[in-house]
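# Examining the three-dimensional arrangement
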Amino acid sequence: MYSKIKKITFAISLIFGLVATVQLNAQTLKSPDGNVAIKFDIIENGTPSYTLSYKDKEVMKPSRLGLILDSNGSLTEGFKLIGEERSSKDETWKPVWGEEESIRNNYNEMAVTLRQDANDRNIIIRFRAFNDGIGFRYEFPLQKNLNYFVIKDERTEFAMTGDHTAMWIPGDYDTQEYDYTVSKISKIRELYPSVMCDNASTTIFSPTGVQTALMLKTDDGIYMNIHEAALVDYSCMHLNLDDTNLVFTSWLTPDATGKKGYLQAPCVSPWRTVIVSDDARNILASRITLNLNEPCAYEDTSWIKPFKYVGVWWEMITNKSTWAYTDDYYSVKIDGTDFEHSKPNGKHGANNANVKKYIDFAAEHGFPQVLVEGWNIGWEDWIGNWKDYVFDFITPYPDFDVKMLNKYAADKGVKLMMHHETSGSTVNYERHLDAAYKFMVENGYNSVKSGYVGPILPRGEHHYSQSINNHYLYCIKKAADYKICVNAHEATRPTGLCRTYPNLVGNESARGTEYEAFVGNRPHHTTLLPFTRLIGGPMDYTPGIFDIFINHDSRPANVARVQTTLAKQLALYVTMYSPIQMAADFPENYEKYSDAFQFIKDVAVDWQTTKYLEAEPGDYITIARKEKGGDRWFIGGITDENARTSVVSLDFLDTDKKYIATVYSDAKDADYETNPIAYAIKTGYVTSKSQLNVKLARSGGYAVSIRPASASELKGIKKLK
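Analysis parameters
- Residues numbered from 1 in each chain as written.
- Predicted model: local features only at pLDDT ≥ 70, side-chain atom pairs only at ≥ 80, totals over all residues.
- Heavy atoms only, no water.
- Helix = DSSP H or I, 4+ residues; strand = E, 2+ residues; numbered from the N terminus.
- Rg over C-alpha atoms; globule rule 2.2 N^0.38 Å.
- Buried < 20%, exposed > 50% of the residue type's maximum accessible area, 1.4 Å probe, protein only.
- Lys, Arg positive; Asp, Glu negative; His and termini not counted.
- Charge placed at Lys NZ, Arg CZ, Asp CG, Glu CD.
- Phe/Tyr/Trp six-rings, centres within 6.5 Å; stacked < 30°, edge-to-face > 60°.
- Axes fitted to C-alpha atoms, helices over the stretch in contact; angles between N-to-C directions.
- Parallel < 35°, antiparallel > 145°, perpendicular 65-115°, else oblique.
- Contact = heavy atoms within 4.5 Å.
- Nonpolar A, V, L, I, M, F, W, Y, C, P; charged D, E, K, R; others polar.
- Arc of directions from axis to C-beta.
- Pairing = 2+ DSSP bridges.
- Core = buried A, V, L, I, M, F, W, Y, C linked by side-chain atoms within 4.5 Å.
- Left-handed = near helix turned anticlockwise from the far one by under 90°.
- Salt bridge = Lys/Arg side-chain N within 4 Å of Asp/Glu carboxyl O.

All right, on to the overall build of the chain then. Across its full length, the chain carries 14 helices and 37 strands. Since a compact globule built from 721 residues should have a radius of gyration of about 27 Å, the 27 Å found for the chain is in line with a globular shape. Along the first, second and third principal axes, the C-alpha set of the chain runs to 105 × 70 × 50 Å. Looking at the 721 residues of the chain, the share that counts as buried comes to 61%. The centroid of the 79 positive side-chain charges in the chain is displaced by 5 Å from the centroid of its 91 negative side-chain charges.

Structure below.
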């Protein structure tokens, strides 16, 4: 009997000991409002893990943490908790430009120090809990046994609680230019072959790999977004799905040798982020990505200004013009090919007369910048040849007079925007970068659109690997030395670095308007981008196409056309946030529809306040924004392939004022397939008690401009209904 009692007592003691150990290892961190909770734990084999809850409901199952190193072991197991530090922050900071004048950064923080006795080394995992989600990262203190090290894999997990609806694009080391697919997580593998697309550079790594920002919705109405913030000196994170267990695991972009990161302590990883809410509008309103980046690195930011622009670009995209100057050469050497005596092809877009036309149009309609692509020599053989010395970024074609055109523009209060296409040759761009930026300053340019079309040079590198991410940031920092703003296309998708380096005024890094001229974008595309790609930062989407059918003599027959109504093109200036916005169509098309063009002329690009009025990812979005430094408001509403009625209150307006509102909407018979250009414009007065009821056609939209009205203006104007 005594023996049995002794065994039972020992068993009970063992159980209580295990419970005590679990409680010792398990640490909980809650958001300031208590709705978001992270539980950190060390589970079997000393493996770090976390669990995420929202309003007391588990939304992320226990998910493992850690990294596998290339030669000095694993950082995935054998850990024990040896320290914990907690802190809180509640501050307000002002972005140089943005969706609001000030941003609140309010979180509770927990940093756990973990020791791996077997290898005599420590790591720190730092968690921050915000009211709208979490961020966490790995930190590597300076120490003898973890100094220089190479990452073979990162094993951060995001374990789903069910077969949620996912809004995803394929995992790809070299492009994000895909249409989004909406499906159950379990269907990703099955649908994968059908969502592939042609691109100048494509590198798929898995039949279940997806890119961030990944948008998810549970069956019970919880919205989650997985992404990363502050991607610096590290490779871009994708997610690889274990579709048996419904677990996404981080998958880093490798370099040419297959390695995924070269680190030197002390150092940190990017933040891994999860935004969570039961209201889709809160996903759009989240500023977690920006808040997890460092404050602005520049003391003087007076030279960084948001702007709208037009340009010589769409005509090349639609085959009306060419980037290349001549058809004489199929092989070009920048320092040896004679363009002065070559025969012009007659279609080169960046010629003096054409650029003057755009400058005149910009000056007449209040656009401060004009983009010109194809101005510099080398476009005859620029793509698909693994060419290193592809451009020099300072030598114009014979029909483009740099000094004359910049003076012509300056005399009219306009600046030309530089274009630097690298053709993926990052080595060549860095070789010429100082000379190119100096050339810009000497000739009156203050902004540049850069491009990285095609496979990356050095060979074997990818658009999103560590060294190429470092290249992008190097260019941004170097541009700041010359007070130049950067709009980078085909670069890695943004992770909030525009807070630290606000001269990064734009990125493409997703499927933009240009695809409307190639194969088209699905009607739901722009209802998803604000929930996915724009979570990391603004996108230079280049909206404003009025010629929906893209009709001109040089246009091949039976090719794609814009998959929206004209009114939806107007709405995108509000729903697709960017501090730079292009009016992308030809001047003659804006002159043809000058009453609708008025909205593009009026709409602001820098904002004091933003209100998210309606939102459901993949279905519809309605946003109201108040301009910075003024009293005007602008509203944009869009829908997918389904018609709908938008019902929004104007209770955000000042209660003691009356306003003049102009509504640009789809006409009653508008339809994106059969009658896309049909639009209606009506004007009336509104107050804070007004409500708008606007019908949107299939893939339609509406835009509203609202300004305070004087007493004299209100005479004879009816209340808007």
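Quick look at the packing of aromatic side chains now. By the definition in use, this model includes 39 aromatic pairs. Note on Tyr50 and Phe136: the rings are 4.9 Å apart at their centroids and 50° apart in plane angle, and the pair reads as tilted. Separated by 86 residues along the polypeptide, Tyr50 in strand β3 (residues 47–54) and Phe136 in strand β10 (residues 133–140) bring together distant segments of the chain. In this pair, the class of Tyr50 matches that of Phe136, namely buried. Taking 5.3 Å as the distance between ring centres and 15° as the angle between the ring planes, the aromatic pair formed by Tyr173 and Phe205 counts as stacked. Remark: Phe205 occurs in the loop between α2 (188–191) and β15 (209–211) and Tyr173 occurs in the loop between β13 (165–168) and β14 (181–184); sequence separation between them is 32 residues. Of the residues examined, Tyr173 reaches a relative accessible area of 8% and is grouped as buried.

At their nearest, the axes of helix α11 (residues 566–575) and helix α13 (residues 594–602) sit 10 Å apart, and the two run at 10° to each other. Classed by the angle they form, the pair α11 and α13 counts as roughly parallel. Where α11 abuts α13, its residues Leu566, Leu570, Tyr573 and Val574 lie against Ala596, Phe599 and Ile600. The residue inventory of the contact of α11 with α13, partitioned by class, reads seven nonpolar, no polar and no charged.

Our focus in this paragraph is α13. Within α13, the full set of buried residues consists of Ala596, Phe597, Phe599 and Ile600. Down the axis of α13, the sector holding all buried residues measures 140°, keeping them to one side.

So, on to the sheet that holds strand β28 (residues 504–507). Within the open sheet, the seven strands sit side by side as β28-β27-β26-β25-β24-β23-β29. Their pairing is parallel. Strands at the two margins of the open sheet, each flanked by one partner only, are β28 and β29 (580–582). Within this sheet the neighbouring strands show an average axis-to-axis angle of 25°, counted without direction. Pairing geometry for strand β23 (residues 307–312) and strand β24 (residues 369–372), over four bridges, is parallel. By the bridge assignment for β24, Tyr309 is matched with Gln369.

A separate point is the sheet that holds strand β34 (residues 659–666). Strands belonging to one sheet form pairs held by backbone hydrogen bonds; the direction of such a pair is parallel or antiparallel. Taken in spatial order, the six strands make up an open sheet running β30-β31-β32-β37-β34-β35, and their pairing is antiparallel. Each of the sheet's edge strands pairs with one partner strand only, and the pair in question is β30 (607–616) and β35 (679–686). This sheet shows a mean twist of 15° between the axes of neighbouring strands, independent of strand direction. Both strand β32 (residues 633–639) and strand β37 (residues 701–708) contribute to a ladder of six bridges, which runs antiparallel.

Attention shifts here to the pairing of strand β9 (residues 121–130). Counting buried residues in β9 gives nine out of 10 residues, a clear majority hidden from the surface. Sheet topology places strand β8 (residues 103–116) next to β9; 10 bridges connect them, and they run antiparallel. By the bridge assignment, Asn108 is partnered in β9 with Ala129. In sequence, β8 turns back onto β9 through a hairpin of four residues, with Asp120 there showing a positive phi of about 55°. Between β9 and β10, which pair antiparallel one after the other, the connecting turn spans two residues.

Here we come to the nonpolar core. Judged by nonpolar contacts, the single largest core of 136 residues is most densely connected at Phe400, Leu416 and Tyr437. With 57 residues, the next largest nonpolar core counts Tyr50, Val59, Phe127 and Tyr464 among its residues.

Attention now moves to the packing of helix α6 (residues 352–365) against helix α7 (residues 402–411). As a packed pair, α6 and α7 sit with axes 10 Å apart at the nearest point and diverge in direction by 15°. It follows from the interaxial angle that α6 and α7 lie roughly parallel. Crossing of α6 over α7 shows right-handed handedness. Counting all contacts with α6, which are made through Asn352, Val355, Lys356, Ile359 and Asp360, the residues of α7 involved are Met404, Leu405, Tyr408 and Ala409. Broken down by class, the residue content of the contact of α6 with α7 amounts to six nonpolar, one polar and two charged.

Before going further, it helps to examine the pattern of salt bridges. Taken as a whole and judged by the stated rule, the model has 42 salt bridges. The salt bridge involving Glu100 is made with Arg287; its shortest N-O contact spans 2.5 Å. Note that Glu100 is positioned in the loop between β7 (79–93) and β8 and Arg287 in the loop between α3 (280–285) and α4 (288–291), a separation of 187 residues in sequence. With relative accessibility at 10%, the residue Arg287 sits in the buried group. As a salt-bridge pair, Arg644 and Glu614 come within 3.4 Å of each other at their nearest N and O atoms. Of this pair, Arg644 sits in strand β33 (residues 644–649) while Glu614 sits in strand β30, and the two are 30 residues apart along the sequence. One network of salt bridges, in which partners are shared, links Glu109, Arg126, Arg128, Arg137 and Glu139.

Everything listed is a geometric property; what it means functionally is a separate question.
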